[in-house]
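Here are the chains, one letter per residue:
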Amino acid sequence: MPGAVKGPQTLYDKVFESHIVNEQDDGTILLYIDRHLVHEVTSPQAFEGLTNAGRKVRRPDCTLVTTDHNVPTSPRKNFKGVSDFVKEEDSRIQCETLEQNVKDFKLTYFGLGDKRQGIVHIIGPEQGFTLPGTTVVCGDSHTSTHGAFGALAFGIGTSEVEHVLATQTLLTNRSKNMRVQVDGQLAPGVSSKDIILHVIGKIGTAGGTGHVIEYCGSAIRDLSMEARMSICNMSIEGGARAGLVAPDETTFEYLKGRPLAPKPDSAEWRKAVKYWESLRTDDDAKFDVEIFIDAKDIEPTVSWGTSPQDVVPITGVVPSPDDFKDKNGKEACERALKYMGLTAGMKMTDIELDKIFIGSCTNSRIEDLRIAAHIVKGKKIAPNLKEAMIVPGSGLIKKQAEAEGLDKIFTDAGFQWREAGCSMCLGMNPDMLSPKERCASTSNRNFEGRQGAGGRTHLVSPAMAAAAALAGKLADVRKLDDYEQALPKSKSAPSHIKPEVDESDSDVDLDKILDQPEDGTGNTVKTGAPSTGGIAPFTQLKGIAVPFDRNNIDTDAIIPKQFLKTIKKAGLEKGLFYAWRWNEDGSKNDSFILNKEPYTKAKIVVSYGENFGCGSSREHAPWALLDFGIKCLIGKSFGDIFRNNTFKNGMLPIVIEDDKALRQIYDDAVAGKEIEVDLEQNSIKDADGKEITKFEIDSFRRHCLINGLDDIGLTMENGDKIAKFEKKRSEETPWLDGSGYLSRHRTGAVKVEAAPVPKTNRGEVKEEPLQW
Ligand SMILES: CC(C)[C@H](C(=O)O)[C@@H](O)C(=O)O
Ligand code: SF4
């Protein structure tokens, strides 16, 4: 684990170090969080934990809530409330639960009746809630988006959401530094989405694991904020914890006039800009990994397979398993070709499509819509398409696009013009692909079943999606007349025209909710699952281990989206590896390992492949594994957020770098033998009790696991240090305090008070913690 950096620092080092509230000897850090974004899918269990423990939200003024994943994108003309509008029951309950929590905890909320509602990663920057030099978290892996402002922004699981709500801090460790430098000028027709797809193709989906990436170089400097956000957004697809771009004039220009940013030309603004200008990597700072890319080597890039690393230039062909050196790569290619219904050697431009989706937190900003509109203006989408959809990222973007006439251009061309939300990016709402339907999508994940069970996704830029819509198949935008004008070539392009930021009806939605009766009618829903309090202690575990030999098993595969609509933690066993474990008719797939004896009784997962648990931050993945009976995972590497989530649930993820030892454990698992994991001795033994290998684990995490300690209770013991940090923060960066829309019947952003320092909850600490 990296230690504190002495000497020249990277941008990441600077932001991270300036947020440390406390550091333990083993490197465990209590990090202050400036900004917390919340949505309906990953928060119900967190709020419930707070309620059951009688805790408050510590900084309502630094918390912003919206609803985006579950919501239909159909017209809202007659919108009366979510209870009436969201037809699907589980989705509705999740939306209602969010509104109840907003009401109970008095949080700033942009609901469906508010035109500032939108995808959580779109609205934060749009409102100026995301600011340079801040720490930003959300129960969502694409929180990395906000790094475009020079903020340290990363996804967290639901237990961590609860931790941040209660304490405004997180327990974490330092990440390693990685730099991706893109120099030179992008060729016409190439956009920021192509840059990031190219980068992921180069480093792989595990390439950034354990790292924070700083994107730099002249090609990045030349990009608009929208384009930088698209790049940082997909850092998680490259395995990284976060992605950052140093703030500059482009950033400041974007922030000017945003309601929650310091008022332009005020003394506070000048002070803020002075500080923001200092946020850059020192000369001679060391990076653990450096990648150099020449912008002119990047072509319009498209995905062919079921992982974001499966990309080729649009001029290329579908690869063959023979193109991959290792067994794992060959097998993954074979499997992807089968799933995607493609033949090796086929030209990418020959791939016919059924649907087009322009939207998602990667590419649904005003600039994206302008580019797509320019390309389809005066033309018609191809007749073979069943559906082509434009989903603006927020109500304000929609409004701005309509003011510019973009909606008309799209509808004249045959597109549907929708309301804001995540939409077909993950199909948790009515927008999805049917089995075998093929879609060119501006979203960020092409996992199996991502946009709907059996659906096939090709990731593309907005320009390429628009070109594909006209052709009815994947197409090279550069073959179209006039394409060059569609793409912003530099930061002087019209990309900084802000969507109008309207403050006039800021409390409308919250007021409506606050006005509802308390008697359980209307939107009020009480949740009843057990408290998230303490966790079961972990000391020794002996049992059957189930072997996996595949790289990049993502959390969408571990638990698909339809199971995320719950407001409980329990009852997810059926959803575990749903698409792999069950046949379409609901019967068991006997060939899947977890359905074979003795693995139906497995307590341990052994992953010989790397990057197990990559992708989405859904804590439902460890909850489902726990429900099945799995308490320990042993593997080559794990997705960062997944690994954190397992710890928070009293599970033990063990990284074994020694290939020989991991192979032996894997072989024992394949042979159906038991494995013993002894956390007190840091040792893994075979069925006869003979040690196979020792393992390492942070001492704080080990201490919490062995003693079944609750992080939140421990952190609250530190209330004084947090309060001291906040005092200093108020003096040094006053613009970070108290901006919100909380107050009733008031318009515009207002200062709101932080909640009082919570009382510690000593009852939950089973023994004296480490040296807090
Ligand atoms: C629902 C949420 C946990 C998830 C994420 O973390 O990314 C979603 O936004 C996604 O894109 O898969
Ligand atoms: S990746 Fe898709 S589902 Fe996840 S937050 Fe972004 S738009 Fe929503």
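Residues numbered from 1 in each chain as written. Chains lettered and ligands numbered in written order. Predicted model: local features only at pLDDT ≥ 70, side-chain atom pairs only at ≥ 80, totals over all residues. Heavy atoms only, no water.

**Comments concerning the site of ligand 2**
Moving on, step 1. Inspection of the region around ligand 2 gives H69, H121, D140, H142, S360, C361, C422, C425, L426, N444 and R450 as its neighbouring residues.
Moving on, step 2. Considering only residue class, the shell around ligand 2 consists of four nonpolar, five polar and two charged.
Moving on, step 3. Residue-level mapping places the shell around ligand 2 at the junction of two domains, with at least three residues from each of domain 1 (11-296) and domain 2 (300-488). (Near = heavy atom within 4 Å. Nonpolar A, V, L, I, M, F, W, Y, C, P; charged D, E, K, R; others polar. Domains from an automatic or database assignment.)

**Points about the confidence of the model for the protein chain**
Moving on, step 1. Put simply, the protein chain has an average pLDDT of 91, and 89% of its residues get 70 or more.
Moving on, step 2. Scored below 50 in pLDDT, residues 517-533 shows 34 contacts in the model against residues more than four places distant or in partner chains.
Moving on, step 3. The low-confidence segment residues 754-772 (pLDDT under 50) makes 49 contacts with residues lying over four places distant or belonging to another chain.
Moving on, step 4. Both confidence scores are given for the complex: pTM 0.92, ipTM 0.99. (pLDDT = per-residue confidence, 0-100. Contact = heavy atoms within 4.5 Å.)

**Examining helix α11 (residues 267-277)**
Moving on, step 1. For α11, the complete set of buried residues consists of W269, A272, V273 and W276. An end-on view of α11 places all buried positions within 100° of arc, on one side of the element. Opposite the buried face of α11, at more than 90 degrees from it, the exposed residues are A267, R270 and K274.
Moving on, step 2. Buried positions along α11 lie against α10 (249-255). (Buried < 20%, exposed > 50% of the residue type's maximum accessible area, 1.4 Å probe, protein only. Helix = DSSP H or I, 4+ residues; strand = E, 2+ residues; numbered from the N terminus. Arc of directions from axis to C-beta.)

**Some words on the pairing of strand β4 (residues 63-66)**
Moving on, step 1. Taking every second residue as pointing to the same face, both faces of β4 are buried, with T63 and V65 on one and L64 and T66 on the other.
Moving on, step 2. As a crossover connection, the stretch from strand β3 (residues 35-38) through helix α2 (residues 44-53) into β4 is right-handed.
Moving on, step 3. As paired elements, β4 and strand β5 (residues 108-110) share three bridges and run parallel to each other. Counted as the bridge partner of T66 is F110 from β5. (Right-handed = clockwise from strand over helix to strand, strands pointing away. Pairing = 2+ DSSP bridges.)

**Structural notes on helix α25 (residues 719-732)**
Moving on, step 1. Under the 1.5 Å per step criterion, the end-to-end length of α25 is 20 Å for 14 residues, consistent within 8% with the ideal 20 Å.
Moving on, step 2. Along α25, the positions that sit buried rather than exposed are G719, I722, F725, E726 and R729. For α25, the angular spread of the buried residues around the axis is 125°, confining them to a single face. Opposite its buried face, α25 presents the exposed residues D720, K724 and K727, each directed more than 90 degrees away.
Moving on, step 3. Contact partners of the buried residues in α25: β1 (20-23), β2 (29-32), α6 (158-167), β8 (169-172) and α24 (711-716). (Expected span 1.5 Å × (residues − 1).)

**Details of the side chain of T66**
Moving on, step 1. Assignment of secondary structure puts T66 in strand β4.
Moving on, step 2. On the basis of relative accessibility, which here comes to 0%, the residue T66 falls in the buried class.
Moving on, step 3. Reaching out from T66, the side chain makes a polar contact with the backbone oxygen of F110 at a distance of 2.8 Å.
Moving on, step 4. Setting aside anything within four residues of it in sequence, one finds T66 in contact with V38, H39, E40, L98, Y109, F110, Q117, G118, V120 and I123. (Polar contact = N/O pair within 3.5 Å; in protein donor to acceptor, adjacent residues only side chain to side chain.)

**Brief notes about the sheet that holds strand β10 (residues 211-216)**
Moving on, step 1. Taken in spatial order, the four strands make up an open sheet running β11-β10-β9-β12, and their pairing is parallel. Edge positions in the sheet fall to β11 (242-244) and β12 (289-294), since each has one partner strand and no second. The sheet shows a mean angle of 20° between the axes of neighbouring strands, taken without regard to direction.
Moving on, step 2. As defined by bridge partners, β10 adjoins β11 across three bridges and the pair is classed as parallel. Residue pairing for β11: I213 is matched across the bridge by G243.
Moving on, step 3. Docked against the sheet, helix α7 (residues 192-203) engages β9 (176-183), β10 and β12, running at close to 130° with respect to β12. (Axes fitted to C-alpha atoms, helices over the stretch in contact; angles between N-to-C directions.)

**Details of the site of ligand 1**
Moving on, step 1. V41, T42, H69, D140, S141, H142, R445, R450, S616, S617 and R618 make up every residue found near ligand 1.
Moving on, step 2. Contact distances for ligand 1 include 2.5 Å between an oxygen atom and a side-chain N or O atom of S141.
Moving on, step 3. In the environment of ligand 1, an oxygen atom lies 2.7 Å from a nitrogen or oxygen atom belonging to the side chain of R450.
Moving on, step 4. Relative to its free-state accessible area of 310 Å², ligand 1 is covered by the protein chains to the extent of 97%.
Moving on, step 5. Its residues placed into classes, the shell around ligand 1 shows one nonpolar, six polar and four charged. (Areas by Shrake-Rupley, 256 points an atom, 1.4 Å probe, with all protein chains shown as cover.)

**Topic: the nonpolar core**
Moving on, step 1. With 86 residues, the main nonpolar core has I356, F410, F415, F577 and F612 as its most contacted residues.
Moving on, step 2. Per-element accounting of this core gives the leading share, eight residues, to helix α16 (residues 462-471).
Moving on, step 3. Ignoring sequence-local partners within four residues, the contact set of I356 consists of L385, E387, A388, M389, F415, C439, A440, A465, A468 and A469.
Moving on, step 4. Listed in part, the 77 residues of the second largest apolar core include V199, I203, I220 and I231. (Core = buried A, V, L, I, M, F, W, Y, C linked by side-chain atoms within 4.5 Å.)

**A look at the domain arrangement of the protein chain**
Moving on, step 1. Domains assigned within the protein chain are domain 1 (11-296), domain 2 (300-488) and domain 3 (540-711).
Moving on, step 2. Each of domain 1 and domain 3 was reduced to a C-alpha centroid, and the two centroids are 28 Å apart.
Moving on, step 3. Listed by partner, the interface residues are 35 residues for domain 1 and 28 residues for domain 3.
Moving on, step 4. Taking both sides of the interface into account, the surface hidden between domain 1 and domain 3 amounts to around 2500 Å²; carbon and sulfur atoms contribute 49%.
Moving on, step 5. The three residues of domain 1 that bury the most area against domain 3 are Q45, S159 and L171, which together make up 19% of that side's buried surface.
Moving on, step 6. Joining domain 1 to domain 3, the criterion identifies two salt bridges.
Moving on, step 7. The salt bridge partner of D710 is R55, with a shortest N-O separation of 3.6 Å.
Moving on, step 8. Counting every contact that joins domain 1 to domain 3 gives 15 residue pairs in polar contact (both at pLDDT 80 or more). (Buried area = accessible area lost by both parts, 1.4 Å probe. Salt bridge = Lys/Arg side-chain N within 4 Å of Asp/Glu carboxyl O.)

**Remarks on the packing of helix α13 (residues 366-376) against helix α15 (residues 406-413)**
The relative placement of two packed helices comes down to the angle between their axes together with the axis-to-axis distance.
Moving on, step 1. Between α13 and α15, the shortest axis-to-axis distance is 9 Å and the interhelical angle comes to 45°. Classified by the interaxial angle, the pair formed by α13 and α15 is oblique. Where α13 crosses over α15, the handedness of that crossing is left-handed. On α15, the residues that touch I366, L369, R370, A372, A373 and V376 of α13 are L406, I409, F410 and A413.
Moving on, step 2. For the contact of α13 with α15, the per-class residue count stands at nine nonpolar, no polar and one charged. (Parallel < 35°, antiparallel > 145°, perpendicular 65-115°, else oblique. Left-handed = near helix turned anticlockwise from the far one by under 90°.)

**A word on the UniProt feature "domain: Aconitase A/isopropylmalate dehydratase small subunit swivel" (unreviewed entry) in the protein chain**
Moving on, step 1. Following the UniProt record, one finds the feature "domain: Aconitase A/isopropylmalate dehydratase small subunit swivel" (unreviewed entry) at residues 537-657.
Moving on, step 2. The span residues 537-657 is 21% helix and 17% strand, and its two end C-alpha atoms sit 26 Å from each other. (UniProt positions renumbered as here; feature names shortened; annotations may be inferred.)

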